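# Residue-level structure breakdown
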Amino acid sequence: MLSKIAKIQLVSSHPEVYEPCDDSFALVDALLADRTNLLQHRPSICMEIGCGSGYVITSLAVMLGLEGFIPYYLATDINPHAIRVTRETMDAHGVYAELVNTDIASGLEKRLGGSVDVMVVNPPYVPTPEDEVGCEGIASAWAGGENGRSVIDKILPVADNLLSERGWLYMVTLTANNPSEICLEMRKKGYASRVILQRSTEEESLHIIKFWRDSDSQLELKNLSYWTKLIEGKFISWMW
Ligand SMILES: C[S@@+](CC[C@H](N)C(=O)[O-])C[C@H]1O[C@@H](n2cnc3c(N)ncnc32)[C@H](O)[C@@H]1O
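Residues numbered from 1 in each chain as written. Predicted model: local features only at pLDDT ≥ 70, side-chain atom pairs only at ≥ 80, totals over all residues.

### Topic: the sheet that holds strand S3 (residues 98–101)
On the basis of which strands lie adjacent, the open sheet formed by 7 strands has the order S3-S2-S1-S4-S5-S7-S6 and mixed pairing. Of all the strands in the sheet, just S3 and strand S6 (191–200) have a single pairing partner and so form its edges. On average, adjacent strands in this sheet sit at an angle of 15° to one another, irrespective of strand direction. With respect to the sheet, helix H1 (residues 22–33) is in contact with strand S4 (116–121), strand S5 (163–174), S6 and strand S7 (205–213), its orientation differing from that of S6 by roughly 125°. (Pairing = 2+ DSSP bridges. Helix = DSSP H or I, 4+ residues; strand = E, 2+ residues; numbered from the N terminus. Axes fitted to C-alpha atoms, helices over the stretch in contact; angles between N-to-C directions. Contact = placed C-beta atoms within 7 Å.)

### Some thoughts on the site of the ligand
Inspection of the region around the ligand gives 25 residues, with Ser-24, Gly-50, Gly-52, Ile-78 and Asn-122 positioned closest. Listing elements by their share of the shell around the ligand, those giving two or more residues are H1, helix H3 (55–65) and strand S2 (72–77). Here the shell around the ligand is composed, by residue class, of 15 nonpolar, 8 polar and 2 charged. (Near = placed C-beta within 6 Å. Nonpolar A, V, L, I, M, F, W, Y, C, P; charged D, E, K, R; others polar.)

### With respect to the pairing of S7
As paired elements, S5 and S7 share 7 bridges and run antiparallel to each other. Bridging from a neighbouring strand, Tyr-170 pairs with Lys-210 of S7. Note that S6 and S7 share 9 bridges and pair antiparallel. Opposite Ser-193, over in S7, you have Phe-211 as the bridge partner. Hairpin connection from S6 to S7: 4 residues lie between these consecutive antiparallel strands.

### Quick look at the confidence of the model for the protein
Model confidence for the protein is summarised by a mean pLDDT of 91, while 90% of its residues fall at 70 or above. Throughout residues 223–240 the model reports pLDDT below 50, and contacts reaching past four residues in sequence, or to other chains, amount to 21 contacts. (pLDDT = per-residue confidence, 0-100.)

### Looking at the nonpolar core
Buried together is how nonpolar side chains tend to be arranged in soluble globular proteins. Ranked by size, the top nonpolar core spans 64 residues in total, and within it Leu-27, Leu-31, Leu-60, Met-119, Val-120, Ile-155 and Tyr-170 carry the most contacts. Looking at this core element by element, the count peaks at 8 residues for H3. Setting aside its immediate chain neighbours within four residues, Val-120 contacts Leu-27, Leu-31, Glu-48, Val-56, Leu-60 and Tyr-170. (Core = buried A, V, L, I, M, F, W, Y, C linked by C-beta atoms within 7 Å. Buried ≥ 20, exposed ≤ 12 C-beta atoms within 10 Å, placed from the backbone.)

### Section: the environment of Met-171
Considering the arrangement of structural elements, one finds Met-171 in strand S5. Residue classification places Met-171 among the buried residues on the basis of 27 C-beta atoms within 10 Å. Those residues in contact with Met-171 that sit more than four places away from it in its chain are Val-121 and Ile-209.

Encoded structure:
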């Protein structure tokens, strides 16, 4: 039977590259669960920020490609080994993406601004000391600084800049990242959001959040699809 996602035994590896883990599997499961919508959406450009082993972008290419649908794929990673490993993973599955070794999407904004229809991100989200963020080696795959938000908070405005009018963003977050606050940040930029998959492991509670532009969002911050409370001087919000 044809696999709808990347085959784990065909995913390449390197000691300095993040191996597919619970978070990667959760993101791919969320994309698979949303596959019918993705196919109807017919994205022209799909992009991953922080591709690591290539498991996620390859899975996306495989699941859409099975229906004969081939958007343009692009993926970035700050780790040059990840670029090589992702190329091997994609080649092993017979799919293609333009791969760029860069910080988030640095150097691509002009070319891609307003044109990415689907973006997927499994960012470094683990709360760590700030000086571990972006350091050499495998730790940069998970080191997220205070509340695990350092890299996430840099990705959000870039995503806003790159996404097309009909763009969708799928992002992995951890409870410690305060996902409700991330949703509120994105709402201020005009995005609606929904948790499309939640998974708890022994170590962490993961949320895969889907964001999409919603013209009413900026105007309707009091929308009833989410609730907001002012607790101890901080906005704590969540939408259901
Ligand atoms: C949690 S891993 C996820 C890897 C892969 N997407 C997956 O789900 O298995 C995060 C990835 O983001 C990359 N990364 C970290 N900081 C980055 C940055 N500033 N710009 C681009 N990629 C970054 C890391 O090198 C790593 O490959």
